[in-house]
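Breakdown of the fold
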Amino acid sequence: MIALVPLLFASDALFTEVGETALPGAVTTCGSLEKDFILEVNGGGVLLEDFDRDGNMDLVVVDGSTLARAKAGEPSLPAHLFLGDGKGGFAAAGDAWNLAGGRWGMGGAVGDVNGDGWPDIFVTHWGGDRLYLNEAGEGFRDATLGSGLEGDRWGTSAAFLDADGDGALDLYVVNYLAFDPETVPARGSGCTWKGHEVMCGPEGLVPVHDQFYRGKGDGTFVEESLARGLKPERAGFGLGVVTLDYDGDGDTDLYVSNDSTPNFLWENQGDGTFVDVGFRRGASHDANGKEQAGMGIACGDLDGDGRPDLFVTNFSGENNALYRSTGSGGFRERSARAGLGGPSIARLGWGTGMADFDLDGALDLFVMNGHVYPQADKAGTDTSYAQLDQFFRGDREGRFAEELLSDAPATTSRAAATADLDNDGDLDIVALSVEGPVRVLLNGAEHGPDRHWLRVRLVGRGGNTAGLGARVTARWKDGSRSVDVRTAGGFQASLPAEAHFGFGALAELEALEVRWPSGVVQRVEAPALDRVLVVEEEAR
Amino acid sequence: MILAFVALLALGAPQQDVAPAEETTALEEEVSSPAVVLDRTPQEWPRAEAGAWSDWTPEVAPEGELLVHMRTAAIHYRRGDLPGSLTALFELLEAQPDYPPALYQAGAIYFRLRRYGDAAYAFERYLAVAPQQVGDTRALGHALYTLGRYEEAAEHYRRVIEASGEQPEALRGQALTEWRLGRPDEALALLGRVLELDPEHEEAQLWRARILHDEDRPEEALAAAEAARERDPFEPQAWFLLSRLYFEAGRDEEGEAARARFLQLDLVEQETRVIESQLLYAPQQPRLRARLIELRASTGDLAAVREAFAEWMQFDSRGVAVRMHAIDVLVSLEDREGADLAAASLKAVAGDDADAWAKLARYYATTRQRSLQVEAERRVGELRGR
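Residues numbered from 1 in each chain as written. Chains lettered and ligands numbered in written order. Predicted model: local features only at pLDDT ≥ 70, side-chain atom pairs only at ≥ 80, totals over all residues. Heavy atoms only, no water.

The next point concerns the overall build of chain A. A count of helices and strands for chain A gives 2 helices and 40 strands. Over its C-alpha atoms, taken along the principal directions, chain A stretches across nearly 65 × 50 × 50 Å. Counting over 540 residues, chain A shows a buried share of 65%. Residue pairs in contact within chain A that sit at least 24 positions apart in sequence constitute 60% of those at least 6 positions apart. On chain A, roughly 17100 Å² of surface is accessible, and the fraction owed to carbon and sulfur atoms is 49%. For chain A, the distance from the average position of its 44 positive side-chain charges to the average position of its 85 negative side-chain charges is 4 Å. (Helix = DSSP H or I, 4+ residues; strand = E, 2+ residues; numbered from the N terminus. Buried < 20%, exposed > 50% of the residue type's maximum accessible area, 1.4 Å probe, protein only. Contact = heavy atoms within 4.5 Å. Areas by Shrake-Rupley, 256 points an atom, 1.4 Å probe, with all protein chains shown as cover. Lys, Arg positive; Asp, Glu negative; His and termini not counted. Charge placed at Lys NZ, Arg CZ, Asp CG, Glu CD.)

Okay, structure coming up:
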């Protein structure tokens, strides 16, 4: 384990890549370098949380496989837990934390599924998904068998939520498409892009419906997709999911990004059943009525109106889409006027996040980029396979200025998640490329009297111990900002269950308000800033 | 010939005579050229010495090798063989670096191939040797816009309009760019000017509706969207916007109806986009062309069906099967005028094909064109030895 010194922050970019020192030797695999099949392009997953509750963020890296391994019936490369040192460095966890390989790991989600106060993990796969229970911070136990989560689809992202307010976490699994290497055509079968032979899909392949599992609160689940209304007219090629309360009614809704098919906005009807209102609310297509190739999702309240805004990364040739919430309960795609349209057209975005990374009081965005086709480096594509990642510095008017995320060279980025890895109050990033080293990007934001912050962690009563779905609102003299507590976000990623705020020069809050999933509203008067604040749910 | 070529480009080109239609026959017999050119880039083109084309004007007709290459490019283009056309232009530009019409037409082809960076490069090379022709290059603005280079696009549209006056397409392009740059009032004013110049400009009307919607001016947006739908009832985006506007106005029933129509048209549009993209790079795919027509017909979009057949027939200039298919489809759509044109076209290429004459005989019988029916039946009899 290596401590990281301030000397590393020598560049102009906000983030500095320190993976080689922070996480030496950690790499992932995702099929062949040639990318002959669509299965080989997603890369692995990143799950961040404090699994041993020592106050430092830990990291689970979900690894993939190769077609040769899969065809031979060999398990995928196993996911790994790396324990954080709280200074931005990690070390491999001991054997008790070992995770098994499945068929081909993708992403996953973190949540306390049995209400014991310890974060558990769910890992999506092409093939059977996996559930691991956290044994009181001592290790993981494979609890897949008998959990009701032995799905055999191609899961990508997933979200834990308490959909019906019963105090037990439920699970939404985003599925991509039906993939059989024996029947899906390989590159060279006539699938072309810009005149070049490329791997086939998703167009022409069969999208697969997502799944909803009702949690029983003991680590077991029952699939209730149909009963909950979670079956759209047409399935989507699902890649990303975020939980949010888009309509402010206190229950948890879901937004799902779909590749080349309309995105879903599943509105919770208050009883844990859902209706897709994506089209009606203006969040399914871009402003021109075109379904985009949705990849990752970021979510945040950009203008402090108490309604979350959404940001979706898309394919090259399309713009990433910023869906701004409107007063009428819907969304308008307003990417260009925010300065997010043009800079994304040559890029293919994946992992993303919206937070106040520079702690100036306005939300920023980052986007991890990289193409799916190695052939993107051929003539006439207007893009490239390896791409630079982007940081969009936000202002208080909801406009963004593009900057490089780091000084790292162009690569084929995929999943990413944010957390305060070095306990300095700003959010850092862990990211994957489609294959290769795990990347750690430490945030070099200025700190001082003009850069106040607050991290809020919740302790809920009942089974939803991390308070997923709670809304935390910071109120000050002439403004407020709300953050929904979630672990789902980005692409094939899971975030720590906490609310992060940057306040700039604002040194004093009037109050912090927590609206718990149970309906309890709790107020913390004038909380001190620049710290981790833990709020325990009061009894009704 | 160049006028037809230019019409196909639909982008506006320097006007020059290149090849008379009757001289195209031999080339039309050739198979499409291989698509090796798609792995090449325009950055490979050699450069002419400074001032080499300073005397060139659009009125100067090509001669000799220039004429041959330009003619070949035009023929391939007319057949829908964009890689073939581009190959001819590459050869020309390697022999005669920076020949302005070749640069321009390469830019136009790259634009149609959706290789916008290459299109922009070709147009910029064209302007470097023919700066006085900036008024012809609104397509460069379109390419820059599509690449997300909005500031550059806005500047270029301004130059085009300054040089050649208020072209509706350049004004529309500038309007969209202004909107992308966060200047909606300027965008609306420009679109208003487009509609003054061309009241039937459906895209301008649709974009005006979109911007008004984005600016929270719902009544005006609704009126504009309804006008756009009137102009092109098969454009899914108009229905999409209408649906949004109806829902937001609480007119749920109309919203649902518009949404249903949008979904129907959009489904067709999605598959159409995929097929058209494939045909751009490999035009010799009758199965895809037939599917494209089937899709167009499924929405009742007669104009689009006719256009798709016309493109197919240009590519397959002597094809009997496509013309027989056209008669069937156009009859099923009750397009008598179109079916008559298809029948006339079939008659022109039927030659000694008895099945073609039999099809014509049946068509003429159905449409009670007796003398033509008799002639067709006579030919069937001759060919079948009766």
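Looking now at empty space enclosed by the protein. With the rule as written, the count across this model stands at 5 cavities of 30 Å³ or more. Considered as a void within the structure, the largest cavity measures approximately 460 Å³ in volume. As for the largest cavity, its lining consists of 37 residues, and the residues nearest its centre are C299, M354, V483, R486 and L495 of chain A. Of all the secondary-structure elements, those providing two or more residues to the lining of the largest cavity are β21 (297–300), β25 (349–355), β29 (413–419), β35 (479–484) and β37 (498–504) of chain A. At 5 residues, β37 of chain A tops the list of elements feeding residues into the lining of the largest cavity. The volume enclosed by the second largest cavity comes to roughly 120 Å³. Every residue lining the second largest cavity is listed: G282, D286, A287, R332 and E333 of chain A together with W179, R210, H213, D214, F240, L241 and R244 of chain B. (1 Å grid on protein atoms, 1.4 Å probe; cavity = no way out; pocket = protein on both sides within 12 Å on 5 of 7 lines; lining within 4 Å. Points joined across faces, edges and corners; volume = space filled by probe spheres on them.)

So, on to the sheet that holds strand β30 (residues 428–433) of chain A. Residue and element names in this part refer to chain A. Read across the sheet, 4 strands follow the order β1-β32-β30-β29 without closing on themselves; strand pairing throughout is antiparallel. Single-partner strands in this sheet number two, and they are β1 (15–17) and β29. Recorded for the sheet is a direction-independent mean angle of 25° between the axes of neighbouring strands. Pairing analysis gives 3 bridges linking β30 to strand β32 (residues 439–443), with the strands arranged antiparallel. Across the sheet, residue V430 finds its bridge partner in β32, namely V440. (Pairing = 2+ DSSP bridges. Axes fitted to C-alpha atoms, helices over the stretch in contact; angles between N-to-C directions.)

This brings us to the sheet that holds strand β17 (residues 237–244) of chain A. Strand pairing in a sheet takes place through backbone hydrogen bonds and is either antiparallel or parallel in direction. Residue and element names in this part refer to chain A. Taken in spatial order, the 4 strands line up as β17-β18-β19-β20 in an open sheet, and their pairing is antiparallel. Where the open sheet ends on each side, the last strands, each with one partner, are β17 and β20 (274–276). Between one strand and the next, the sheet's axes are offset by a mean angle of 25°, whatever the strand orientation. Relative to strand β18 (residues 253–259), β17 runs antiparallel, the two sharing 7 bridges. Across the sheet, residue G238 finds its bridge partner in β18, namely N258.

Quick look at the packing of helix α17 (residues 320–332) of chain B against helix α18 (residues 336–350) of chain B now. All names here are of chain B. Contact geometry for α17 and α18: axes closest at 8 Å, N-to-C directions at 160°. In this view, α17 runs roughly antiparallel relative to α18, as classed from their interaxial angle. α17 and α18 meet at a crossing whose hand is left-handed. Seen from α17, the contacting residues are V320, R323, M324, A326, I327, L330 and V331; seen from α18, they are G338, A339, A342, A343, S345, L346 and V349. Looking at the contact of α17 with α18 residue by residue, the class counts come to 11 nonpolar, 2 polar and 1 charged. (Parallel < 35°, antiparallel > 145°, perpendicular 65-115°, else oblique. Left-handed = near helix turned anticlockwise from the far one by under 90°. Nonpolar A, V, L, I, M, F, W, Y, C, P; charged D, E, K, R; others polar.)

Residue and element names in this part refer to chain A. A cis geometry characterises the amide bond from G201 onward to P202, with omega recorded as 0°. Checked against the element boundaries, P202 lands in the loop between β14 (196–197) and β15 (211–215). Not every positive phi belongs to a glycine, and K194 is a case in point at roughly 55°. By the element assignment, K194 lies in the loop between β13 (192–193) and β14.

Our focus in this paragraph is the confidence of the model for chain A. The predicted model of chain A has a mean per-residue pLDDT of 95, with 98% of residues at 70 or higher. Every residue in residues 1–10 of chain A is under pLDDT 50, and counting partners more than four places away or in other chains gives 21 contacts. (pLDDT = per-residue confidence, 0-100.)

Residue and element names in this part refer to chain A. Turning to its location among the elements, R324 is positioned in strand β23 (residues 321–325). Given a relative accessible area of 13%, R324 falls into the buried group. A distance of 3.1 Å separates the side chain of R324 from the side chain of D303, its partner in a polar contact. (Polar contact = N/O pair within 3.5 Å; in protein donor to acceptor, adjacent residues only side chain to side chain.)

This part covers the packing of helix α11 (residues 202–214) of chain B against helix α12 (residues 218–231) of chain B. Residues and elements named next belong to chain B. Taken N-terminus to C-terminus, the directions of α11 and α12 make an angle of 155°; their axes are 8 Å apart at the nearest point. It follows that α11 is roughly antiparallel to α12 by the angle criterion. Crossing hand, α11 versus α12: left-handed. Along the contact surface, α11 presents E202, Q205, L206, R208, A209, L212 and H213, while α12 presents E220, A221, A224, A225, A227, A228 and R231. For the contact of α11 with α12, the class distribution of residues is 8 nonpolar, 2 polar and 4 charged.

Turning to the environment of G229 of chain A, a few remarks are in order. Residue and element names in this part refer to chain A. Inspection of the secondary structure puts G229 in the loop between β16 (221–223) and β17. Taking the relative accessible area as the measure of exposure, G229 reaches 30% and is therefore partly exposed. Sequence-distant contacts of G229, defined by excluding residues within four places in its chain, comprise W266 and F274.

Before going further, it helps to examine the nonpolar core. Of all hydrophobic cores here, the largest spans 86 residues; its most connected members are W45, L86, Y99 and L113 of chain B. Ranked by size, the runner-up nonpolar core spans 54 residues in total, among them V61, F82, A376 and L432 of chain A. (Core = buried A, V, L, I, M, F, W, Y, C linked by side-chain atoms within 4.5 Å.)

It is worth spelling out the interface of chain A and chain B at this point. How large an interface is tends to be reported as the accessible area lost when its parts come together. Each partner contributes to the interface: chain A provides 31 residues, whereas chain B provides 36 residues. Contact with chain B buries area across many residues of chain A, yet F279, R280 and N288 of chain A alone supply 23% of it, more than any other trio. For the pair chain A and chain B, the interface holds 9 salt bridges. One salt bridge in this structure joins R259 of chain B and E233 of chain A, with 3.3 Å as the shortest N-O distance. The interface formed by chain A and chain B includes 19 residue pairs in polar contact (both at pLDDT 80 or more). Top element by residues in the side of chain A that touches chain B is strand β24 (residues 331–333) of chain A. It accounts for 3 residues. Its residues assigned to classes, the side of chain A that touches chain B comprises 6 nonpolar, 11 polar and 14 charged. (Buried area = accessible area lost by both parts, 1.4 Å probe. Salt bridge = Lys/Arg side-chain N within 4 Å of Asp/Glu carboxyl O.)

With that settled, consider a nonpolar patch on the surface. Side chains of V459, V532 and V534 of chain A sit close together on the surface and give an oily, nonpolar patch of about 220 Å² of accessible area. Inspection of the secondary structure assignment puts V534 of chain A in strand β40 (residues 532–536). (Patch = residues over 30% accessible without salt bridge, like charges linked within 9 Å, V, L, I, M, F, W, Y side chains within 5 Å.)

Residue and element names in this part refer to chain A. There is about 490 Å³ of room inside the second largest pocket. What lines the second largest pocket is a set of 25 residues, and nearest its centre among them are E49, R53, G117, R457 and L458. Secondary-structure elements contributing two or more residues to the lining of the second largest pocket are β7 (105–111) and β33 (452–459). With 4 residues, β33 is the single largest residue contributor to the lining of the second largest pocket. Partitioning the lining of the second largest pocket into residue classes produces 11 nonpolar, 8 polar and 6 charged.

Time to look at the side chain of H125 of chain A. Residues and elements named next belong to chain A. Mapped onto the secondary structure, H125 falls in strand β8 (residues 120–125). Within the structure, the side chain of H125 is placed 3.3 Å from the backbone nitrogen of W104, a separation counted as a polar contact. In terms of polar contacts, H125 uses its side chain to reach the backbone amide nitrogen of G105, at 3.3 Å. The residues touching H125, leaving out its near neighbours within four places in the chain, are S76, G101, G102, R103, W104, G105, M106, R130, R153, W154 and G155.

Right, let's talk about the packing of aromatic side chains for a bit. In total, this model carries 36 aromatic pairs over all chains according to the counting rule given. Note on F51 of chain A and F140 of chain A: the rings are 5.5 Å apart at their centroids and 75° apart in plane angle, and the pair reads as edge-to-face. Residue F51 of chain A is located in the loop between β3 (45–49) and β4 (58–62), and its partner F140 of chain A is located in strand β10 (residues 140–142); the two are separated by 89 residues in the primary sequence. For F51 of chain A, a relative accessible area of 0% puts it in the buried group. Classification of F140 of chain A as buried rests on a relative accessible area of 8%. Put simply, the rings of F37, W104, W126, W154, Y176, F179 and F237 of chain A pair up and form one aromatic cluster. If you follow R210 of chain B out to its NZ or CZ, it ends over the ring of W207 of chain B, 4.0 Å from the centre. (Phe/Tyr/Trp six-rings, centres within 6.5 Å; stacked < 30°, edge-to-face > 60°. Lys NZ or Arg CZ within 6 Å of the ring centre and 35° of its normal.)

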